[in-house]
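# Fold and contact review
Spelled out, the chains give:
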Amino acid sequence: MLKAWLVCAVAATSVLGADIAGSDLLKTALTDGLRQAAPASSVDFAGTLPGRRSLADGRASAALLFQKDGEPDPSAPAGQTLQRYLLANAAVVVAVHKSNRQNQVSFADLNSLLAKDPKVYYVNWNDLAGGNLSETILTYLYAPHGAFARELIQGVPLGKQPFRQEVNMVMDWAPVGQSLATRPATLALAPALPAGSEGRLLQVSDGRPGKATTAYSPDEMNIYNGDYPLRLPLYLYVRSDKQTAHKDALKWLFSEAAAEQIRSLGLYPAPKAIRERLAQRLDSR
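Residues numbered from 1 in each chain as written. Predicted model: local features only at pLDDT ≥ 70, side-chain atom pairs only at ≥ 80, totals over all residues. Heavy atoms only, no water.

### Here's the deal with the overall build of the chain
What the chain contains, in helices and strands, is 10 helices and 13 strands. With respect to the principal axes defined by its C-alpha atoms, the chain has extents near 65 × 50 × 35 Å. Relative to its full complement of 285 residues, the chain shows a buried share of 46%. Carbon together with sulfur atoms contributes 51% to the accessible area of the chain, which is approximately 14300 Å² in total. Mean positive and mean negative side-chain charge positions of the chain (30 and 26 charges, respectively) differ by 3 Å. (Helix = DSSP H or I, 4+ residues; strand = E, 2+ residues; numbered from the N terminus. Buried < 20%, exposed > 50% of the residue type's maximum accessible area, 1.4 Å probe, protein only. Areas by Shrake-Rupley, 256 points an atom, 1.4 Å probe, with all protein chains shown as cover. Lys, Arg positive; Asp, Glu negative; His and termini not counted. Charge placed at Lys NZ, Arg CZ, Asp CG, Glu CD.)

In structure tokens:
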């Protein structure tokens with residue numbers, strides 16, 4: 001009897017859904033703030049795919065979803081439309097020892113450095129255009145729990161290839177930071193450089209067919225605008241007919257308090273001036 005009740009309870013929860021849905025990565029950081037700012041709205045960060053489904057079938061009227069390059073926007077129920085806001089980005093930065101004079105890398109370079117079976121196999125710094133160090137490249141990928149670093153690198157520059165065995169994948173920053181500080185041959189990839197870390201950030205270019213060959217630094221505006229290519233957008237989707245109902249929740253999501261929670265996840269919130277402008281527009285409606 002208890003088992004049957006539990007099955008019914010789970011099914012009922014699935015049917016009812018929540019007003020605000022989204023990626024499970026955001027659950028610990030944003031749930032409490034949203035519930036305090038908009039107590040009348042139910043919140044359930046069960047995952048990106050459940051969030052897309054909830055928007056499509058009308059169970060949710062707002063969702064925070066990571067969206068890959070070229071992936072279509074989620075659907076809304078018949079007769080409804082969705083308003084989209086770029087709330088934040090996941091990103092990966094590329095860092096080298098401060099003595100290394102390399103200035104940039106391309107997606108093709110990263111493929112040659114990291115992929116198990118690349119078209120061109122890079123081992124030494126001199127293999128890179130502009131390489132100035134006759135040493136074997138020592139690569140680290142810092143991928144803490146909940147970050148998109150590994151998935152973002154493997155899904156885009158590596159073209160879904162596996163990483164080669166020589167790539168040091170770690171969840172603790174300590175060995176990466178120590179290597180960046182002491183070993184000139186180090187190349188490190190991470191969601192961000194922790195405050196006070198040694199290392200110098202490189203510019204990154206996409207360069208795939210139809211994509212820009214210009215290299216960009218991972219600064220706030222380049223990441224937000226999508227010029228810096230190693231990024232994954234986090235969009236806030238809201239049904240147009242529910243904008244007023246979600247006004248308190250939206251204003252909190254555009255606030256500095258929410259931005260701090262987003263940063264705590266290793267994500268890059270939209271620039272403050274843009275978030276403030278969005279919040280002001282809500283008041284003018």
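On we go.
### Let's talk about the sheet that holds strand β4 (residues 82–91)
Strands in a sheet are paired, the pairing made by backbone hydrogen bonds, and the direction either parallel or antiparallel. With respect to topology, 6 strands assemble into an open sheet ordered β2-β1-β3-β12-β4-β13, the strand pairing being mixed. A single partner strand is all that each edge strand has here, and the edge strands are β2 (43–44) and β13 (268–269). Judged from the 2 bridges that link them, β4 and β13 form a sheet pairing that is antiparallel. Bridging from a neighbouring strand, N89 pairs with Y268 of β13. The strands touched by helix α3 (residues 48–57) within the sheet are β1 (20–22), β3 (62–66), β4 and β12 (231–239), with β3 carrying the most contacts at an inclination of about 140°. (Pairing = 2+ DSSP bridges. Contact = heavy atoms within 4.5 Å. Axes fitted to C-alpha atoms, helices over the stretch in contact; angles between N-to-C directions.)

### Focus: the layout of surface pockets
In this structure, the largest pocket spans a volume of roughly 840 Å³. Lining of the largest pocket is provided by 32 residues; of these, K68, D69, V156, R231 and L232 occupy positions nearest its centre. Listed by contribution, the elements that provide at least two residues to the lining of the largest pocket are α3, α5 (149–155), β11 (203–205) and β12. Looking at the lining of the largest pocket, its residues break down into 12 nonpolar, 8 polar and 12 charged. (1 Å grid on protein atoms, 1.4 Å probe; cavity = no way out; pocket = protein on both sides within 12 Å on 5 of 7 lines; lining within 4 Å. Points joined across faces, edges and corners; volume = space filled by probe spheres on them. Nonpolar A, V, L, I, M, F, W, Y, C, P; charged D, E, K, R; others polar.)

### Some words on the pairing of strand β5 (residues 93–96)
Because side chains alternate across β5, one face comprises the buried residues V93 and A95, and the other comprises V94 and V96, equally buried. Here 4 bridges tie β5 to strand β9 (residues 186–190), and the two strands are oriented antiparallel to one another. In the strand pairing of β9, V94 is matched with L189. Two elements, β5 and strand β10 (residues 200–201), share 2 bridges in a ladder whose sense is antiparallel. For A95, the partnering residue across the bridge sits in β10 and is L201.

### Focus on empty space enclosed by the protein
For the structure shown, the criterion picks out 1 cavity of 30 Å³ or more. Taken as a whole, the largest cavity spans an internal volume of roughly 40 Å³. Lining the largest cavity we find A90, A91, A147, F148, A149, P191, L265, G266 and L267. Considering only residue class, the lining of the largest cavity consists of 8 nonpolar, 1 polar and no charged.

### Side note on the side chain of D109
The topology assignment puts D109 in helix α4 (residues 107–114). Buried and unpaired, D109 has no salt bridge, with R164 as the nearest side chain of opposite charge at 11 Å. If sequence neighbours within four positions are ignored, D109 has contacts with Y122 and L128. (Salt bridge = Lys/Arg side-chain N within 4 Å of Asp/Glu carboxyl O.)

### Things to note about the nonpolar core
Core analysis: the largest hydrophobic core is formed by 74 residues, its most contacted members being L30, L34, L64, L114, L189, L230 and F254. Excluding residues that lie within four positions of it along the chain, L34 makes contacts with I20, P39, V43, F45, A249, W252 and L253. Residues A95, Y140, V170 and V176 belong to the second largest nonpolar core, which totals 10 residues. (Core = buried A, V, L, I, M, F, W, Y, C linked by side-chain atoms within 4.5 Å.)

### A look at unusual backbone geometry
Its identity is not glycine, yet K160 carries a phi of approximately 75°, on the positive side. By secondary structure assignment, the location of K160 is in the loop between α5 and β8 (168–170).

### With respect to the packing of aromatic side chains
Applying the stated rule across the entire model yields 4 aromatic pairs. Taking 4.6 Å as the distance between ring centres and 50° as the angle between the ring planes, the aromatic pair formed by F66 and F148 counts as tilted. Here F148 lies in the loop between β7 (138–142) and α5 and F66 lies in strand β3, a separation of 82 residues in the sequence. What makes F66 buried here is its relative accessible area of 6%. By relative accessible area, which is 24% here, F148 ends up partly exposed. (Phe/Tyr/Trp six-rings, centres within 6.5 Å; stacked < 30°, edge-to-face > 60°.)

### Notes on helix α6 (residues 173–182)
Those residues of α6 that fall on the buried side of the exposure criterion are W173, V176, G177, S179 and L180. Buried residues along α6 cover an arc of 165° about the axis, so they all sit on one side. Across α6 from its buried face, at more than 90 degrees, point the exposed residues Q178 and T182. Lining the buried residues of α6 we find β5, β7, β8 and β9. Where α6 starts, the residue carrying a side-chain oxygen 3.2 Å from the main-chain nitrogen of A174 turns out to be D172. (Arc of directions from axis to C-beta. Polar contact = N/O pair within 3.5 Å; in protein donor to acceptor, adjacent residues only side chain to side chain.)

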